[in-house]
Amino acid sequence: MEQLDDSLLQLITETATNLPADVRKALRRAKHAERAGTQADQALAIITLNVDMASDRVSPICQDTGMPTFVIHTPVGVDQMAIRRSVLGAVEEATRRGKLRPNSVDSVTGVNSGLNLGPGTPVVHFEQWEKNEIEALLILKGGGCENKNAQYSLPAELEHVGRAGRDLEGVYRCVMHAVWQAQGQGCSAGFLGVCIGGDRTSGYDHAKMQLFRDVDDTNPNPALAELEERIVRDSNSLGVGTMGFGGGVTLLGCKIGALNRLPASFFVSVAYNCWAFRRLGVRIDPRTGAITRWIFRDAAPERMAESEEIPKTGREFALTTPLSESDVRQLRVGDVVRLTGPMVTGRDAIHKHLTTHDSPVDLNGAALYHCGPVMLKDENGRWQVKAAGPTTSIREEPYQADILRRFHVRAVIGKGGMGAKTLAALRDVGAVYLNAIGGAAQFYAEKITEVTGVDFLEEFGVPEAMWRLNVRDFVAVVTMDSHGGSLHADVESASGEKLELVAAR
Ligand code: SF4
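In short, a report on the structure. Predicted model, so just to flag it, every value in this text is computed and none were measured.

## A closer look at the pattern of salt bridges
Line of reasoning, step 1. Applying the stated criterion across every chain yields a total of 38 salt bridges.
Line of reasoning, step 2. A salt bridge links Asp216 to Lys25; its shortest N-O distance comes to 3.3 Å. Linking Asp216 in the loop between α7 (200-209) and α8 (222-235) with Lys25 in helix α2 (residues 21-33), this pair joins segments that are 191 residues apart in sequence.
Line of reasoning, step 3. Taking the relative accessible area as the measure of exposure, Asp216 reaches 35% and is therefore partly exposed.
Line of reasoning, step 4. For Lys25, a relative accessible area of 45% puts it in the partly exposed group.
Line of reasoning, step 5. Across the pair Arg303 and Asp56 runs a salt bridge, and its minimum N-O distance is 2.8 Å. One end of the pair, Arg303, is in the loop between β11 (291-295) and β12 (316-320); the other, Asp56, is in helix α3 (residues 39-57), and 247 residues separate them in sequence.
Line of reasoning, step 6. Residues joined by salt bridges that share partners form a network here, namely Glu169, Arg173, Arg230, Arg233, Asp234 and Arg505.

## Focus on the site of the ligand
Line of reasoning, step 1. Residues in contact with the ligand amount to 13 residues; listed here are only the nearest, Cys62, Cys145, Cys187, Cys274 and Arg278.
Line of reasoning, step 2. Among the residues forming the shell around the ligand, the class breakdown is six nonpolar, four polar and three charged.

## Things to note about α8
Line of reasoning, step 1. In a regular helix each residue adds 1.5 Å, so 14 residues correspond to 20 Å; α8 covers 20 Å between its end C-alpha atoms and thus fits that length.
Line of reasoning, step 2. All of the buried residues in α8 are Leu224, Ala225, Leu227, Glu228, Ile231, Asp234 and Ser235.
Line of reasoning, step 3. At its buried positions, α8 is contacted by α6 (168-182), β7 (190-197), β8 (251-259) and α15 (487-504).
Line of reasoning, step 4. If you check the start of α8, you find a side-chain oxygen 2.9 Å away from the backbone N of Ala223, and it comes from Asn221.

## Some details on the pairing of β8
Line of reasoning, step 1. Of all nine residues in β8, seven are buried; the element is thus mostly enclosed.
Line of reasoning, step 2. Where β7 meets β8, eight bridges bridge the pair, whose relative direction is parallel. Looking across to β8, one finds that Leu192 is bridged to Cys254.

## With respect to the sheet that holds β8
Line of reasoning, step 1. Read across the sheet, four strands follow the order β4-β9-β7-β8 without closing on themselves; strand pairing throughout is mixed. Each edge of the open sheet is held by one strand with a lone partner, namely β4 (150-153) and β8. Ignoring strand direction, the axes of neighbouring strands in this sheet form an average angle of 15°.
Line of reasoning, step 2. Pairing geometry for β4 and strand β9 (residues 267-273), over four bridges, is antiparallel. When the bridges of β9 are listed, Ala150 appears paired with Val270.
Line of reasoning, step 3. Sitting on the sheet, α7 is in contact with β4, β7, β8 and β9, with an inclination near 40° to β9.

## Observations concerning the sheet that holds strand β10 (residues 278-284)
Line of reasoning, step 1. Read from one edge to the other, the open sheet built from five strands follows the order β2-β1-β3-β10-β11, with strand pairing classed as mixed. Unpaired on one side and paired on the other, β2 (123-128) and β11 mark the two borders of the sheet. Taken over all neighbouring pairs, the strand axes of this sheet differ in orientation by 15° on average, direction set aside.
Line of reasoning, step 2. Bridge count for strand β1 (residues 67-74) against strand β3 (residues 134-141) is seven bridges, and the pairing is antiparallel. Paired with Ile72 across the two strands is Ala136, which belongs to β3.
Line of reasoning, step 3. Against the sheet, helix α1 (residues 4-17) contacts β1, β3, β10 and β11, and its axis sits at roughly 155° relative to β10.
Line of reasoning, step 4. Sheet strands touched by helix α4 (residues 80-96): β1, β2 and β3. Its angle to β2, the strand with the most contacts, is close to 150°.

## A word on the pairing of β11
Line of reasoning, step 1. The sheet contact formed by β10 and β11 spans four bridges and is antiparallel. In the sheet register, Arg283 faces β11, and the bridge partner there is Arg293.
Line of reasoning, step 2. A loop of six residues connects β10 with β11, the two strands running antiparallel in sequence, and Gly289 in this loop sits at a positive phi of about 85°.

## Regarding the nonpolar core
Line of reasoning, step 1. If you look at the biggest cluster of nonpolar residues, it comprises 139 residues, and the most contacted ones within it are Leu192, Ile231, Val268, Trp275 and Leu339.
Line of reasoning, step 2. Ranked by residues supplied to this core, first place goes to α6 with nine residues.
Line of reasoning, step 3. With 25 residues, the next largest nonpolar core counts Ile350, Val361, Ile403 and Met480 among its residues.

## Some words on the environment of Met67
Line of reasoning, step 1. Residue placement: Met67 occurs in strand β1.
Line of reasoning, step 2. On the accessibility criterion, Met67 (32% relative accessible area) is partly exposed.
Line of reasoning, step 3. Along the sequence, Met67 and Arg347 sit 280 residues apart, while their C-alpha atoms lie 19 Å from each other.
Line of reasoning, step 4. With sequence-adjacent residues up to four places away left out, Met67 is seen in contact with Gly120, Thr121, Val123, Ile139, Leu140 and Lys141.

Thresholds, definitions, all that
- Residues numbered from 1 in each chain as written.
- Predicted model: local features only at pLDDT ≥ 70, side-chain atom pairs only at ≥ 80, totals over all residues.
- Heavy atoms only, no water.
- Salt bridge = Lys/Arg side-chain N within 4 Å of Asp/Glu carboxyl O.
- Helix = DSSP H or I, 4+ residues; strand = E, 2+ residues; numbered from the N terminus.
- Buried < 20%, exposed > 50% of the residue type's maximum accessible area, 1.4 Å probe, protein only.
- Near = heavy atom within 4 Å.
- Nonpolar A, V, L, I, M, F, W, Y, C, P; charged D, E, K, R; others polar.
- Expected span 1.5 Å × (residues − 1).
- Contact = heavy atoms within 4.5 Å.
- Polar contact = N/O pair within 3.5 Å; in protein donor to acceptor, adjacent residues only side chain to side chain.
- Pairing = 2+ DSSP bridges.
- Axes fitted to C-alpha atoms, helices over the stretch in contact; angles between N-to-C directions.
- Core = buried A, V, L, I, M, F, W, Y, C linked by side-chain atoms within 4.5 Å.

Okay, structure coming up:
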């Protein structure tokens, strides 16, 4: 199988950079369903532009390339250990080439292995089958949406949906609750894989496997087919919308499988996948290792974006960093900001560090970007930004208010919004939270004109380092302002009320 290494490298590269045909179709439907001129419409315009940019540049659609998870079917007699070695080699090479972000972190020491290899990374499932060919499926599911997975043990009492019993109505309530609790934090509009039954481990695994079904297939079990349709329809009446900005499209697909369970247990496991739903597959000739056919891939995809221009929402502010208090006090929830000037990245490790240490960068008036980019050095030793979308901000909630107060940061940029402590600090300090469009890693990479430095690279690794950037025309929406306004709190509360009505029907 002399071509196997190359085939697997192609599979990883295409999965990270080229959205599957069925997902593209679902996103087109979403774009047409949203009202023109809304924030959801603007977000979808950026998303579709980003999808085109990623496939044109053969660069990651989203900077979080997730946990590479392979499902490999082999004919009897094929050497699975040799395939595993090829998978590891292909993952390492794809990471070196900037197609995958180094995402494998030692859970004890916090050290990033640098090449996406280590205990549990990548995940490789093998199964034998009767066919005389190899099938390799790959899903790259990022951390933001992985964190919004949910598992329920029935019966349960759940916020807004009430009692969920041990029947399909109870399953419906759990899944609706899962969609609601995700809000925009998993980069909605999302796709769900659901498992009814199994145990805690097999339930989650089977839920994730549902994501290998075609978005437009029909469940062979009529009761589950009906449930899938009902969940998509009702989720789209909640008003969570793209990125949690509100709007008519919250869920793009729901696939439900079932496993037998123990009499005492009734689990419902939900795997939430963001709009950047990256999964492809290949069939491989077991003699040569060559790809004979692609699965899910659009070989010659049509353009997704209807225009290179981002639609205007009516209230747009062009601001230069560092920001003054008056710059941010004029902003209200819903305003669109275009930032130009210096920006610094910081995520989990940096936030923890800054609570007990000084910053190596002056953060007074700064724009602090929750982002773990993909970076590569060029032949001259200069850093090149390969992908740089926002990460989920709520993880920094325990630290953000202290950092705002101590360093006088004026703009926190991320996605999915933050909580009450941060909102109070924004008001006290005079700062705003700007929601960038999650997953739009190419769109934002293009807005970065220069990397001027990096701190903590050795200690924290590429995604967690503090990158000093210059940006031009960096677009984001004010979703939490310095007057106590929070779009996230409003949408969460309004969608919770709608969920109660839907669940009571
Ligand atoms: S699109 Fe959002 S949730 Fe999905 S991998 Fe990217 S950052 Fe994470």
